[in-house]
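# Tertiary structure, described
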Amino acid sequence: MILKGTPVSPGFASGSARALVARKLAIPRYVVPEKEREAEAERLCLAIEATTKELESAKEALRGKVEPSLLDLFDAYAVILKDPALLRAARFQISKEGSNAEQALESAIKAMTTALMASQDSYFQEKASDLEDLYSRVQRHLRGAQQETVAPSAEPQVILADNLTPSETGHLHQASVVAFATEHGARTSHTAIIARSLGIPAVVGVAGLMAAAATDQRVIVDGVEGKVILDPTPEEEAEYAKRAEAYRDYRRKIKAGALKEARTIDGHVIRTRANIDLENELQGAIEAGAEGVGLYRSEFLYLERSPNLPTEDDHAALYNRICEALYPHRVTIRTLDLGGEKYFHEVLEPEGQNPVLGVRAVRFTLRHPDIFKVQLRGLLRASARKNIAIMFPLVTTVDELKACISLLNECKAELKAEGVAFDHRIPVGIMVEVPSCALTAEAFLPYTDFFSIGTNDLIQYLMAIDRNNESVASLYDPMNPAVLRCISHVCESARVKGIPVAVCGEMASDALMAPLLVGLGVTELSMAPEALLDVKAAVRGISYEKCRRMARHALKAGTGAEVAEILESYSRTGRHGR
Amino acid sequence: MTRKELVISNRLGLHARAAAKLVQAASRFHAQVIISTHQMSADAKSILGVLTLAASKDTPVVLEVDGPDEAAAMKEIESLITSRFGEE
């Protein structure tokens, strides 16, 4: 049986299925005789104890392998599990009403969740769905049901799940796990992020997966076309064994070329850089041949320091380490792009209904120069090596850019007076992600040293969709001609002054789209480090002249489907040629 | 029993992280720790209880600590609150 989903991590693998069934356990309800109530309460305590231990070991298994913020989650769980009020409420229900432990736990947790949600505290509100995970774990222990762990095995195993919660990700570090597939989830889910960092194939959003799959069944995961094949035929097994081998071969070949630059057949060179959120991704980026960082998202520093704000020293120290690691390559750091998110709701500014269209990024930082200048001064202090560039997100009007620059100039004057060394000509650029900015790109030319097109937001704003709303997700189409025409306009404008144009959205990490972007006039592609090999290979396999033709052709198309056809036809006619 | 009046002075008040720190500190001691605002009292070892106090910045609170190690417990919790839970 073949099921379709969204491929989120490339590769092919086959193995024996481990179905992690998140069964909604039915809650038994019965009255416990009075003399057994003490023991019943003890049973609940033991289940909570067992859950605490299980979470502790899951946390330890993940330490050093995932973002520290995921680990924080486990601490929040532990505090809740140990809550004496929770235990008291459950014990009370057992001893006074004779409820069985499962029932007592259910109502105590419900009361807890309700209270936390009502606490107006976004830290817990955000984690409401994780509380559900916590609760079902204790219920499972009460039932004596073992957690469905993945024992190390000589045999390759494929993890199948409804959706993987952070606490389940501990399973995935067994060497025998070769792939995974989930019924729910999107490209940005934990599942996807972890699969890519482990370099194993994954498919998410596979409708009907859990109903069809059973543990020990043979399963093939196709992380390229987004297929999950249950009980494959011998022919399918043979076919995929061949593909897996060919894919490994291909990886080896392009890996060998990782450090060569992305030069088209006819000698046109495209800069390929990495998008980075965390410092520990730097090494991977360097190994994958990134020529610097095209987008460093500085938000994590803020989230890490939350509820405090990072200090100027925090900023300077972090940026210094990154710039030193990548020297002499350029590091482009995007200034704070938060504002709509809950963190800032809570900390600084209650926000309106639609944060995507509200006060975020420079709209936020320009209103809070006290916060903004701390980051700008930190950036300047890390610039003495002259390999750092500043990029302002979500710039909508020229006036906003001018305001950003004038704050930067204030900071420069202050540092100069203080005798601090910095790059007086530090490059300053803008993220082009608002249609108004893209369509008037030429008006920004006097004030900017480069453009970097953030296609994710640009597409969202062009198509008038909320990326987090699944019902309009199908309208999110990078191939829509409106998107291509915007990109083309930015490139044409940049050509006048001869400044670089980068693309740092998802589009840049798509090996199929990269030649089109090159043809539209983009000079730099910045992407997740793991996409570098493929994208570089795609650029090396084509001529600039052919990219130009493809782009001219695509710009005339009226629909996204037509553009897809055009790309398809160009990649068919001589994938490696001309 | 020892009793002390203090003021919550960190910018965010007894929000999740500060509350978690308070609960973790109180839980290290045998003594019972009760924290009260003008409106209500809560067991300082219960995250739920502490959060429902919803004590924002500048809220006066009363700490009542009762048990064999009450002096040490009071000292530790007092310093946590007066140091603004390590926030700046």
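Treat the numbers as computed from the prediction; the structure is a model and nothing was measured. (Residues numbered from 1 in each chain as written. Chains lettered and ligands numbered in written order. Predicted model: local features only at pLDDT ≥ 70, side-chain atom pairs only at ≥ 80, totals over all residues. Heavy atoms only, no water.)

## Examining the overall build of chain A
A count of helices and strands for chain A gives 24 helices and 17 strands. A separation of at least 24 residues holds for 68% of the contacts in chain A among residues at least 6 apart in sequence. (Helix = DSSP H or I, 4+ residues; strand = E, 2+ residues; numbered from the N terminus. Contact = heavy atoms within 4.5 Å.)

## Overview of the overall build of chain B
From N to C terminus, chain B includes three helices and four strands. N-terminal to C-terminal, the α/β element order of chain B is β-α-β-β-α-β-α. By the burial criterion, 53% of the 88 residues in chain B qualify as buried. The long-range share in chain B, meaning contacts at least 24 apart out of those at least 6 apart in sequence, stands at 71%. Here chain B displays about 4,100 Å² of accessible surface, and carbon together with sulfur accounts for 51% of that area. (Buried < 20%, exposed > 50% of the residue type's maximum accessible area, 1.4 Å probe, protein only. Areas by Shrake-Rupley, 256 points an atom, 1.4 Å probe, with all protein chains shown as cover.)

## Overview of the pattern of salt bridges
Residue and element names in this part refer to chain A. Inspection of every chain in the model, using the stated rule, returns 35 salt bridges over all chains. As a salt-bridge pair, glutamate 245 and arginine 248 come within 3.2 Å of each other at their nearest N and O atoms. In this pair, glutamate 245 and arginine 248 are both assigned in helix 9 (residues 234-256), three residues apart and thus about one turn of the helix distant. Residue arginine 248 is classed as partly exposed on the basis of its relative accessible area of 44%. In this structure, the salt-bridge partner of glutamate 492 is arginine 495, at a minimum N-O distance of 3.1 Å. Of the two residues, glutamate 492 and arginine 495 are both situated in helix 20 (residues 481-497); the distance of three residues between them amounts to about one turn of the helix. Take glutamate 492: its relative accessible area is 38%, and that puts it in the partly exposed class. Overlapping salt bridges bring together Glu312, Asp313, Lys373, Arg377, Arg381, Glu410, Glu414 and Glu418 as one network. (Salt bridge = Lys/Arg side-chain N within 4 Å of Asp/Glu carboxyl O.)

## Notes on the packing of aromatic side chains
All names here are of chain A. Enumeration over the complete set of coordinates arrives at three aromatic pairs over all chains. Seen from their ring centres, phenylalanine 12 and tyrosine 240 are 5.8 Å apart, and the 55° between their planes marks the pair as tilted. One end of the pair, phenylalanine 12, is in strand 3 (residues 12-20); the other, tyrosine 240, is in helix 9, with 228 residues separating them in the sequence. In this pair, the class of phenylalanine 12 matches that of tyrosine 240, namely buried. An aromatic cluster of three or more residues is present, and its members are Phe12, Tyr240 and Tyr247. Positioned above the aromatic ring of tyrosine 240, the side-chain terminus of arginine 243 is 4.7 Å from the ring centre. (Phe/Tyr/Trp six-rings, centres within 6.5 Å; stacked < 30°, edge-to-face > 60°. Lys NZ or Arg CZ within 6 Å of the ring centre and 35° of its normal.)

## Examining the sheet that holds strand 7 (residues 218-222) of chain A
Residue and element names in this part refer to chain A. Taken in spatial order, the eight strands line up as 1-8-7-3-4-5-6-2 in an open sheet, and their pairing is mixed. Strand pairing shows two members of the sheet lacking a second neighbour, strand 1 (2-4) and strand 2 (6-9), which therefore form its edges. On average, adjacent strands in this sheet sit at an angle of 30° to one another, irrespective of strand direction. Pairing between strand 3 and strand 7: five bridges, direction antiparallel. Bridge pairing in strand 7 places serine 16 opposite arginine 218. (Pairing = 2+ DSSP bridges. Axes fitted to C-alpha atoms, helices over the stretch in contact; angles between N-to-C directions.)

## A closer look at the sheet that holds strand 2 (residues 32-36) of chain B
Residues and elements named next belong to chain B. Pairing is antiparallel in the open sheet, where four strands are placed in the order 1-4-2-3. Either end of the sheet is taken by a strand with one partner, and the two such strands are strand 1 (2-7) and strand 3 (41-43). Each strand axis lies, on average, 25° off the axis of its neighbour in the sheet, ignoring direction. Across five bridges, the pairing between strand 2 and strand 4 (residues 60-66) is antiparallel. Across the sheet, valine 33 pairs through a bridge with valine 65, a residue of strand 4.

## Some words on the packing of helix 1 (residues 16-27) of chain B against helix 3 (residues 70-82) of chain B
Residues and elements named next belong to chain B. Where helix 1 contacts helix 3, the two axes come as close as 9 Å, and the packing angle between them is 165°. Here helix 3 runs roughly antiparallel to helix 1, going by the angle between their axes. Seen along the crossing, helix 1 lies across helix 3 with a hand that is right-handed. Where helix 1 abuts helix 3, its residues Lys21, Leu22, Ala25 and Ala26 lie against Glu76, Ile77 and Leu80. A per-class count over the contact of helix 1 with helix 3 returns five nonpolar, no polar and two charged. (Parallel < 35°, antiparallel > 145°, perpendicular 65-115°, else oblique. Left-handed = near helix turned anticlockwise from the far one by under 90°. Nonpolar A, V, L, I, M, F, W, Y, C, P; charged D, E, K, R; others polar.)

## Here's the deal with the side chain of lysine 45 of chain B
You can see lysine 45 of chain B is positioned in the loop between strand 3 and helix 2 (47-53). Aspartate 43 of chain B provides the closest opposite charge to the buried, salt-bridge-free lysine 45 of chain B, at an N-O distance of 6.3 Å. A distance of 2.8 Å separates a polar atom in the side chain of lysine 45 of chain B from the backbone oxygen of phenylalanine 29 of chain B. A polar contact is formed between the side chain of lysine 45 of chain B and the backbone oxygen of alanine 31 of chain B, at a distance of 2.9 Å. Residue contacts for lysine 45 of chain B: discarding those within four places in its chain leaves Pro84 of chain A together with Val23, Ala26, Ser27, Phe29, His30 and Ala31 of chain B. (Lys, Arg positive; Asp, Glu negative; His and termini not counted. Polar contact = N/O pair within 3.5 Å; in protein donor to acceptor, adjacent residues only side chain to side chain.)

## Brief notes about the side chain of aspartate 69 of chain B
Mapped onto the secondary structure, aspartate 69 of chain B falls in the loop between strand 4 and helix 3. Lysine 45 of chain B is the oppositely charged side chain nearest to the buried, salt-bridge-free aspartate 69 of chain B, at an N-O distance of 7.0 Å.

## With respect to the pairing of strand 2 of chain B
Residues and elements named next belong to chain B. As paired strands, strand 2 and strand 3 are joined by three bridges and run antiparallel to one another. From the neighbouring strand, serine 36 faces strand 3, where its bridge partner is serine 41. Counting the residues that bridge the hairpin from strand 2 to strand 3 gives four residues.

## Brief notes about the state of the cysteines
Counted by the stated rule, this structure contains zero disulfides over all chains. Its sulfur unpaired, cysteine 486 of chain A is 9.8 Å from the next cysteine sulfur, which belongs to cysteine 437 of chain A. (Disulfide = S-S within 2.5 Å.)

## A word on the confidence of the model for chain B
All names here are of chain B. Predicted confidence across chain B gives a mean pLDDT of 88, with 98% of residues reaching 70 or more. When the elements of chain B are averaged for pLDDT, helix 2 gives the smallest value, 80, and strand 4 the largest, 95. Prediction confidence for the complex, expressed as pTM and ipTM, is 0.56 and 0.72 respectively. (pLDDT = per-residue confidence, 0-100.)

## Re the packing of helix 23 (residues 544-555) of chain A against helix 24 (residues 560-572) of chain A
Residue and element names in this part refer to chain A. Helix 24 packs onto helix 23 with a crossing angle of 155° between their chain directions and a minimal axis gap of 9 Å. Overall, the two elements helix 23 and helix 24 adopt an arrangement that is roughly antiparallel. The element helix 23 and its partner helix 24 pack so that their crossing is right-handed. Residue-level inspection shows Lys546, Arg549, Met550, His553 and Ala554 of helix 23 in contact with helix 24, the latter providing Val563, Ile566, Leu567 and Tyr570. In the contact of helix 23 with helix 24, the residues fall into six nonpolar, one polar and two charged.

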